[in-house]
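What follows is the residue order along each chain.
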Amino acid sequence: MARDIGIDLGTANVLINVSGKGIVLNEPSVVAVNTSTNKVVAVGTEAYKMVGRTPGNIRVIRPLKNGVIADFDITEEMLSYFIEKLNVKGFMSKPNILICAPTGVTSIEQKAIIQAAEKSGGGKVYLDFEPKVAAVGAGLDIFKPQGNMVIDIGGGTTDIAVLSMGEIVTSQSLRYAGDSMNQAVVSYIKNKHNLLIGSRTAEDIKIEIGSAFEPDADQTITVRGRDVVDGLPKQTTVNAPEIQEALHDGLMSIVASTKEVLETTPPELSADIIDRGIMLTGGGALLKNIDKLISYHLQVPVLTADHPLEAVALGTGTLLKNIEKHQRY
């Protein structure tokens, strides 16, 4: 008997939840390919270690951009590798797969996601939207006639949605999320300190001293990279207020989009959101004080899920129990 599996196919990470077992896989959405032979060299964690450190004939590819498939064949190979690794296929049977997509995906992008899941060895494939699944994973009861609001900040997209009775009432998806934050840090350090760093270093800085609101001026980090002027290795010290400045404009775009979603929410549901607050999920929810920033500008309570990184994957586990109720494509 094959077990049903839920997949959070993220721009930054792939998480897989197997029914009855919970989350069994959490690896970066990265594939390393040998360009001379077109063979896959490494997938997931092993490939991530190679980012920015490969010779010319090895390309490290992130097959998902902004939450959707940018390289179909590589995505399919990556999914097949992960599913094979789990060994969830029973004898002669294929597992049902519930896979998640951002709310802004087009029907063509939806088809590509489903096709990749089918080709990687799935049986029936179901598709649902990330903020809805994340809300379930964060412990919200979205099936009652009451308003729940979720901001799911992933690697490629931020999805903002108001849910009631198990459906999305109003939503927005914007392409500012974890990767864009890293890019903003790279640009800021290049312009301010004449230092070139890679996206992995930027992510480490963001995790270490990044803050969305009221940063601690005493928090600093030593950053190493290449000098823009003479091309030699160099190091400098960066503090938390600088990183907050680098992230400010992008974070305000999340605040602005959340405000727009609230403005199109029916008044009864708005009243529920004031009572219940907004739930933050996704890796971006781990950015220090992001809850305070959103709450400060919108005057609504903001909570962070207990396991924000795993919320979508946990949600697939709950929804797989009633899989037949889901829209199947």
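Counting starts from 1 at the beginning of each chain's written sequence and moves along it residue by residue. Local features in a predicted model are, by the rule used here, given only for residues with pLDDT of at least 70; side-chain atom pairs are given and counted only at 80 or more, and totals for whole chains, interfaces and linings are based on all residues. Remark: hydrogens and water are excluded; side-chain values derive from all non-hydrogen atoms of the structure.

## Topic: the packing of helix α5 (residues 178-193) against helix α6 (residues 199-209)
Where α5 meets α6, the closest approach of the two axes is 8 Å, and the angle between their N-to-C directions is 100°. The angle between α5 and α6 places the two elements in the roughly perpendicular class. Note on element contacts: α6 touches α5 through Ser 199, Ala 202, Glu 203, Ile 205 and Lys 206, opposite Gly 178, Met 181, Asn 182, Val 185, Val 186 and Ile 189. Of the residues in the contact of α5 with α6, the class split is six nonpolar, three polar and two charged. Helix axes are fitted to C-alpha atoms over the stretch in contact, other axes to C-alpha atoms as well, and angles between N-to-C directions run from 0 to 180 degrees. We count a stretch as a helix when DSSP gives it H or I for four or more residues in a row; a strand needs E for two or more, and each element gets its number in order from the N terminus. The scheme is simple: roughly parallel for angles under 35 degrees, roughly antiparallel for over 145, roughly perpendicular for 65 to 115, oblique for anything else. Contact definition: two residues touch when any of their heavy atoms are within 4.5 Å. In this classification, Asp, Glu, Lys and Arg are treated as charged, Ala, Val, Leu, Ile, Met, Phe, Trp, Tyr, Cys and Pro as nonpolar, and every other residue, Gly included, as polar.

## Concerning the sheet that holds strand β17 (residues 278-281)
In this analysis, strands are considered paired if DSSP registers two or more bridges between them. Strand order in the open sheet formed by five strands is β13-β12-β11-β17-β18, with mixed pairing between adjacent strands. Looking at strand neighbours, the two that pair on one side only are β13 (167-174) and β18 (302-304), the edges of this open sheet. In this sheet, adjacent strand axes meet at a mean angle of 20° when their direction is disregarded. Of the pairings in the sheet, the one linking strand β11 (residues 148-153) to β17 comprises four bridges and is parallel in character.

## Examining the pattern of salt bridges
Each reported salt bridge corresponds to a side-chain nitrogen of Lys or Arg within 4 Å of a carboxyl oxygen of Asp or Glu. Inspection of every chain in the model, using the stated rule, returns nine salt bridges. Between Glu 27 and Lys 85 there is a salt bridge, with its nearest N and O atoms 2.4 Å apart. Highlighted residues: Glu 27 in strand β3 (residues 22-28) and Lys 85 in helix α2 (residues 72-86), separated in sequence by 58 residues. In this structure, Asp 227 and Lys 234 form a salt bridge, with 3.6 Å as the shortest nitrogen-oxygen distance. To sort residues, take the accessible area from a 1.4 Å probe on protein chains only and compare it with the maximum for the residue type: under 20% means buried, over 50% means exposed, and anything in between is partly exposed. Judged by relative accessible area, which is 27%, Lys 234 ranks as partly exposed. If you follow the salt bridges from partner to partner, you end up with Asp 128, Lys 132 and Glu 167 in one network.

## Some remarks on unusual backbone geometry
With a phi angle near 60°, Asn 38 is a residue other than glycine that sits in the positive phi range. A positive phi angle, close to 55°, is found at Gln 299, a residue other than glycine. For Gln 299, the location among the structural elements is in the loop between α9 (290-298) and β18. Overall, Gln 299 belongs to the exposed group, its relative accessible area being 64%.

## Considerations on the sheet that holds strand β10 (residues 125-129)
Judged by pairing direction, the sheet is mixed, and its five strands sit side by side in the order β3-β2-β1-β9-β10 without closing on themselves. Only two strands of the sheet have a single neighbouring strand rather than two, namely β3 and β10. Shown here is a sheet whose adjacent strand axes are inclined to one another by a mean of 20°, direction ignored. As judged from the five bridges shared by strand β1 (residues 5-9) and strand β2 (residues 13-18), these two strands associate in the antiparallel manner. Within β2, the position partnered with Gly 6 by the bridge is Asn 17. In this fold α2 packs onto β1, β2, β3 and β9 (97-101), with an angle of close to 140° to the strand it touches most, β3. Each of β1, β9 and β10 touches helix α4 (residues 130-137); the most contacted strand, β10, lies at about 85° to it.

## With respect to the pairing of strand β5 (residues 39-43)
Across four bridges, strand β4 (residues 31-34) lies against β5 in antiparallel orientation. Note on β5: the bridge partner recorded for Val 33 is Val 40. Connecting the antiparallel pair β4 and β5 is a turn made up of four residues, with Asn 38 showing a positive phi of about 60°.

## Comments concerning α2
The span one expects for a helix is its residue count, reduced by one, times 1.5 Å. With 15 residues, α2 should reach 21 Å at 1.5 Å per residue; the first-to-last C-alpha distance of 21 Å fits that figure. Of the residues making up α2, those classed as buried are Ile 74, Thr 75, Glu 76, Met 78, Leu 79, Phe 82, Ile 83 and Leu 86. Think of a polar contact as two N or O atoms within 3.5 Å of one another; within protein, one of them needs to be a possible hydrogen donor and the other a possible acceptor, and neighboring residues in sequence only count if both atoms come from side chains. Between the side-chain oxygen at the start of α2 and the backbone nitrogen of Asp 73 there is a gap of 3.4 Å, and the oxygen is on Asp 71. Downstream of α2 by one or two residues, Asn 87 has phi in the positive range, about 55°.

## Some points on the packing of aromatic side chains
In this analysis, rings of Phe, Tyr and Trp, with Trp reduced to its six-membered ring, are considered paired at centre separations within 6.5 Å, and the interplanar angle assigns stacked below 30 degrees, edge-to-face beyond 60, and tilted for intermediate values. In this structure the tally under the stated criterion is two aromatic pairs. On the basis of an interplanar angle of 65° and a centroid distance of 5.7 Å, the ring pair of Tyr 81 and Phe 82 is categorised as edge-to-face. Aromatic pair Phe 213 and Tyr 296: ring centres 5.2 Å apart, planes at 40°, arrangement tilted. Of the two residues, Phe 213 is situated in the loop between α6 and β15 (220-227) and Tyr 296 in helix α9; the sequence distance between them amounts to 83 residues. Taking relative accessible area as the criterion, Phe 213 reaches 15% and is therefore assigned buried.

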